[in-house]
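One letter stands for each residue in the lines below.
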Amino acid sequence: MGKMRSSSISCYNFSSFSTSFALFASLYSLYFVLISANVSGFDSLIQLPTSTSLRNTTRKSETLLFVNDIGAIGDGITDDTNSFKDVWKMACNSPSRSKIVIPSGYSFLVRPINFAGPCLSKVSLRIAGTILAPKDPESWDGLNPRKWIYFLKVKHLTVEGGGIIDGMGQEWWARSCKVNRTNPCHHAPTALTFHRCNNLRVRNIKIFNSQQMHLAFTDSKHVSASHLVVLAPADSPNTDAIHISSSTQVNIKDCTIGTGDDCISIVGNSSRIKIKNIVCGPGHGISIGSLGKSNSWSQVYNVHVNGASISNTENGVRIKTWQGGSGFVRKITFENVWMENVSNPIIIDQYYCDSMKPCSNETSNIRIDNISFVGIKGTSATERAITIACSDSCSCRKLYVEDVQLTSFSGDPTTFFCWQAYGSTSGLNYPPPCFLCDDSILQPTVLSNWSQSI
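Note that this is a predicted model, so its numbers are computed, not measured.

1. Brief notes about the state of the cysteines
Okay, step 1: All told, the structure shown has six disulfides when counted by the stated rule.
Okay, step 2: The disulfide bridge from C177 ends at C185, spanning 2.0 Å between sulfur atoms. Handedness of the C177-C185 disulfide follows from its S-S torsion of about 105°: it is right-handed.
Okay, step 3: The buried category is assigned to C177, whose relative accessible area is 9%.

This is how it looks when you write it as structure tokens:
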């Protein structure tokens, strides 16, 4: 977050609303990238690098391993899982750097598969063609239903290309209890899962129609993800695009996302997260949480979102916690975000309840403090543009709002709702903030220079 303005800071700022968004909107012209809710036969509007001249761009000390040289057919019908297992074993056991190549012009059908480390040297995976999941959920019988392509304990891994990972999620969505309440609730696979991995780089990949989550980082460190295109229909359930759990030092940059759930979600025990230049819509926005379910303990801190265009989504930037949990959320900054027709542009919800049964009131909750909203502008699809609903027993502290200007998409007035919310404001803000006066003024949060370049 940049240096705080020197202008006076007050608990109640009722300055007139500035109607000029031209400068800010020009910085986020990516908003006009159109994302189709139906991604069948999807043709990307963003041209990503292709796999041409792979051999010419490969390091001299790097061994190239083409999956179709190891027995894969790539006709979209033949099961190529064993060939993928064989080529991973060769790369992981190689004493020198290896690159696995999924060549363009082929579609490889791959059943649930584990890529386990540690490996003897650095490994790269170049996806130029297409990887297809089985259509039938029965392919997971007897296997972990959460996993499809699963990386475990791998260090110094790069996943790149310009190819496609297609989760073929339609049958999973049809069986979801969120689509049909008479169906039993069960877990569906995540397209790409990185568990207990270090030094990851994921870039220039298209992932769509995932059964559940698209890309998940769990217990991972030093993660860089850039230039990803992640798509699923707006009505697809639980299809988080990028999910970060128990991970640290994560950079997400220059990604285009349209999905049926969170564009980016950050959950328990994650820290040092930087998110920059994101196009999101449709979906549920950028979320921290949910946290604290079933009286669990969670912490999320040092998160910086700088630059996003969010359109036609259920939420914009959100923090959500269950009652009864414990832990904290702190040092979070959302800045330079453009909203277009978003139902809840800014929301802190400490009464989150994603359950078929009503949730009972609890006396404990996760503590929320040191949260900043700076330079967030655009339009709200609802009258209530900002909701800060904090716990009865554990109020939110050190909230800060600066130059937040959210008008109604329909032209009607917008409102700012507060409950147990203490904070301060600066600059021109609309709708007028309703914070209770905080005892101390929030100081800018400066993250240490831990991030890697993408």
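2. Describing helix α3 (residues 81–92)
Okay, step 1: With 12 residues, α3 should reach 16 Å at 1.5 Å per residue; the first-to-last C-alpha distance of 16 Å fits that figure.
Okay, step 2: The set of residues buried in α3 consists of T81, S83, F84, V87, W88, A91 and C92. The buried side chains of α3 occupy one side of the element, clustering within an arc of 160° when seen end-on.

3. Here's the deal with the pattern of salt bridges
Okay, step 1: Counting across every chain of the model gives 12 salt bridges.
Okay, step 2: Residue D136 is joined to R175 by a salt bridge in which the shortest nitrogen-to-oxygen separation is 4.0 Å. Of this pair, D136 sits in the loop between β7 (130–132) and β8 (147–152) while R175 is found in the loop between α4 (170–174) and β11 (190–195), placing the two residues 39 residues apart along the sequence.
Okay, step 3: The shortest N-O distance in the salt bridge between D369 and R330 comes to 3.6 Å.

4. A closer look at the environment of N277
Okay, step 1: Mapping N277 onto the fold places it in strand β20 (residues 270–280).
Okay, step 2: Residues N277 and K253 lie 24 residues apart in sequence; the distance between their C-alpha atoms is 5.8 Å.
Okay, step 3: Aside from chain neighbours lying at most four places away, what touches N277 is K253, D254, C255, N306 and G307.

5. Concerning the UniProt feature "active site" (unreviewed entry) in the chain
Okay, step 1: Cross-referencing UniProt, the feature "active site" (unreviewed entry) maps to H284 in the present numbering.
Okay, step 2: Tracing the backbone through its elements, the reader meets H284 in the loop between β20 and β21 (286–291).
Okay, step 3: Not counting residues up to four positions away in its chain, the partners in contact with H284 are G260, D261, D262, E314, N315 and R318.

6. Quick look at the pairing of strand β17 (residues 242–245)
Okay, step 1: Where burial is concerned, the two faces of β17 agree: the one with I242 and I244 and the one with H243 and S245 are both buried.
Okay, step 2: Bridge count between strand β14 (residues 215–218) and β17: four bridges; the pairing is parallel. Bridge assignment links T218 to a residue of β17, and that residue is S245.
Okay, step 3: Bridge analysis of β17 against strand β19 (residues 264–266) gives three bridges, and the strand direction is parallel. The residue of β19 that forms the bridge with H243 is S265.

7. What about the confidence of the model for the chain?
Okay, step 1: Per-residue pLDDT for the chain averages 87, and the proportion of residues at 70 or more is 83%.
Okay, step 2: Low pLDDT (under 50) marks residues 1–57, which in the prediction has 119 contacts with non-local residues, meaning those over four places away or in another chain.
Okay, step 3: Low pLDDT, under 50, characterises residues 450–454; the predicted model gives this stretch 20 contacts beyond four residues in sequence or across chains.

8. Considerations on the sheet that holds strand β23 (residues 315–321)
Okay, step 1: One open sheet holds the 11 strands; their spatial order is β5-β8-β11-β14-β17-β19-β21-β23-β25-β27-β30, and the pairing between them is parallel. Sheet topology places β5 (113–116) and β30 (415–419) at the edges, where each strand pairs with a single neighbour. Neighbour to neighbour, the strand axes of the sheet diverge by 15° on average, direction disregarded.
Okay, step 2: Pairing of strand β27 (residues 384–389) with β30 involves five bridges; the strand directions are parallel.

9. Observations concerning the environment of A91
Okay, step 1: Turning to its location among the elements, A91 is positioned in helix α3.
Okay, step 2: In this structure the C-alpha to C-alpha distance between A91 and T63, which are 28 residues apart in sequence, comes to 8.3 Å.
Okay, step 3: Not counting residues up to four positions away in its chain, the partners in contact with A91 are L65, S98, I100 and V123.

10. Re the packing of aromatic side chains
To describe a pair of aromatic rings, one takes the distance between the centres and the angle between the planes.
Okay, step 1: Taken as a whole and assessed by the stated rule, the structure comprises 12 aromatic pairs.
Okay, step 2: Seen from their ring centres, Y106 and F108 are 5.8 Å apart, and the 25° between their planes marks the pair as stacked.
Okay, step 3: Given the relative accessible area of 33%, Y106 is considered partly exposed.
Okay, step 4: Overall, the relative accessible area of 0% leaves F108 in the buried class.
Okay, step 5: Ring geometry for W140 against W172: centres 5.3 Å apart, planes inclined by 85°, an arrangement best described as edge-to-face. Within this pair, whereas W140 is found in the loop between β7 and β8, its partner W172 is found in helix α4, the two being separated by 32 residues in sequence. We note that W140, like W172, is buried.

11. Some remarks on unusual backbone geometry
Okay, step 1: The linkage connecting G117 with the following residue, P118, adopts the cis geometry, with an omega of 5°.
Okay, step 2: By the element assignment, P118 lies in the loop between β5 and β6 (123–127).
Okay, step 3: In the segment running from G289 into S290, the intervening peptide bond is cis, with an omega of 15°.
Okay, step 4: Assignment of secondary structure puts S290 in strand β21.
Okay, step 5: The phi angle at D254 is positive, at roughly 55°, despite the residue not being glycine.
Okay, step 6: Mapping D254 onto the fold places it in strand β18 (residues 248–258).
Okay, step 7: Positioned with a positive phi, N302 is a non-glycine residue whose angle comes to about 55°.
Okay, step 8: You can see N302 is positioned in strand β22 (residues 297–311).

12. Some thoughts on the pairing of β14
Okay, step 1: As paired elements, β11 and β14 share four bridges and run parallel to each other. Looking at the pairing, L192 lines up with L215 of β14.

13. Focus: the nonpolar core
Nonpolar side chains tend to gather and get buried jointly when the protein is soluble and globular.
Okay, step 1: Counting 98 residues, the largest nonpolar core has F194, F217 and I252 as the members making the most contacts within it.
Okay, step 2: The greatest single-element share of this core, amounting to six residues, is contributed by strand β24 (residues 326–342).
Okay, step 3: Discounting chain neighbours no more than four positions away, the residues touching F217 are F194, L200, V202, V223, A225, I242, H243, I244, S245, S247 and I252.

So, how was this worked out
- Residues numbered from 1 in each chain as written.
- Predicted model: local features only at pLDDT ≥ 70, side-chain atom pairs only at ≥ 80, totals over all residues.
- Heavy atoms only, no water.
- Disulfide = S-S within 2.5 Å.
- Buried < 20%, exposed > 50% of the residue type's maximum accessible area, 1.4 Å probe, protein only.
- Helix = DSSP H or I, 4+ residues; strand = E, 2+ residues; numbered from the N terminus.
- Expected span 1.5 Å × (residues − 1).
- Arc of directions from axis to C-beta.
- Salt bridge = Lys/Arg side-chain N within 4 Å of Asp/Glu carboxyl O.
- Contact = heavy atoms within 4.5 Å.
- UniProt positions renumbered as here; feature names shortened; annotations may be inferred.
- Pairing = 2+ DSSP bridges.
- pLDDT = per-residue confidence, 0-100.
- Axes fitted to C-alpha atoms, helices over the stretch in contact; angles between N-to-C directions.
- Phe/Tyr/Trp six-rings, centres within 6.5 Å; stacked < 30°, edge-to-face > 60°.
- Core = buried A, V, L, I, M, F, W, Y, C linked by side-chain atoms within 4.5 Å.

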